Amino acid sequence: MPKKKIDNIKDKLGNPIEIWQSDGMQYTPVLPTFLRCHAEIIEKNFSLETFKFKLSNKVVWIQDRAGNVMAGISYEFFQDNKVGWIVLSFTEPKYRGRGLNQICHNYFESECKKAGMVYISSQVSIDNQSRIKSAAKVGLVPKWYRMYKPLQ
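Heads up: these notes are all about the structure in this document. Because the structure is predicted, anything quoted here is derived from the model rather than measured.

**Topic: the packing of aromatic side chains**
Throughout the structure, instances matching the rule amount to five aromatic pairs. Taking the centre distance of 6.0 Å and the plane angle of 15° together, the rings of Trp20 and Trp61 count as stacked. You can see Trp20 sitting in strand β2 (residues 16–22) and its partner Trp61 sitting in strand β3 (residues 58–63), a full 41 residues away along the chain. Here Trp20 falls in the buried class, since its relative accessible area comes to 16%. When the ring of Tyr75 is compared with that of Phe77, the centres are 5.5 Å apart and the planes differ by 50°; the resulting orientation is tilted.

**Notes on the sheet that holds β2**
With respect to topology, six strands assemble into an open sheet ordered β1-β2-β3-β4-β5-β6, the strand pairing being mixed. A single partner strand is all that each edge strand has here, and the edge strands are β1 (3–10) and β6 (119–122). Along the sheet, successive strands turn relative to each other by an average axial angle of 25°, direction set aside. Judged from the six bridges that link them, β3 and strand β4 (residues 69–78) form a sheet pairing that is antiparallel. If you follow Gln63 over to β4, its bridge partner there is Val69. Most of the contacts of helix α1 (residues 31–43) go to strand β5 (residues 83–91), to which it runs at about 90°, and overall it touches β4 and β5.

**A closer look at the environment of Arg96**
With respect to the helices and strands, the residue Arg96 is situated in the loop between β5 and α2 (100–114). A residue is classified by how much of its surface remains accessible, and Arg96, at 39% relative accessible area, is partly exposed. When the C-alpha atoms of Arg96 and Ala71 are compared, they prove to be 8.5 Å apart, with 25 residues separating the residues in sequence. With near-sequence residues (within four places) excluded, Arg96 lies in contact with Cys37, Glu40 and Thr91. A polar atom in the side chain of Arg96 sits 2.8 Å from the backbone oxygen of Thr91.

Here is what the cut-offs are and how they apply
- Residues numbered from 1 in each chain as written.
- Predicted model: local features only at pLDDT ≥ 70, side-chain atom pairs only at ≥ 80, totals over all residues.
- Heavy atoms only, no water.
- Phe/Tyr/Trp six-rings, centres within 6.5 Å; stacked < 30°, edge-to-face > 60°.
- Helix = DSSP H or I, 4+ residues; strand = E, 2+ residues; numbered from the N terminus.
- Buried < 20%, exposed > 50% of the residue type's maximum accessible area, 1.4 Å probe, protein only.
- Pairing = 2+ DSSP bridges.
- Axes fitted to C-alpha atoms, helices over the stretch in contact; angles between N-to-C directions.
- Contact = heavy atoms within 4.5 Å.
- Polar contact = N/O pair within 3.5 Å; in protein donor to acceptor, adjacent residues only side chain to side chain.

This is how it looks when you write it as structure tokens:
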């Protein structure tokens, strides 16, 4: 999948950052960061122990000028109901608190609009308060609750 730089801007601290996008995660520098953050949410019991992503998921990410991946959003489009689905929103721990998730979300939302999506959705653990807060900052609010009962 070809990756492309889509913008050069500054984060909320005034540091220059680059915005990148790809129609797949394979052969992009985001995969290690994505996997580390995915493991982190599993270890914190914010996700079930499962793979909920595909290498073909689209991704928008932020990196510094040296090429260090800082944050990103992996997503897919569901054409039948026009939903842009957030597979995983991720930020390297050392870059948290810099407004990077909001920046990624703005570019993700733009990609959704270009693709004709009319909704954005995701799944967030009720225990993941930091993600609930960051989702609220970009206008995502709970619409449904998924009920859960383990049978073990």
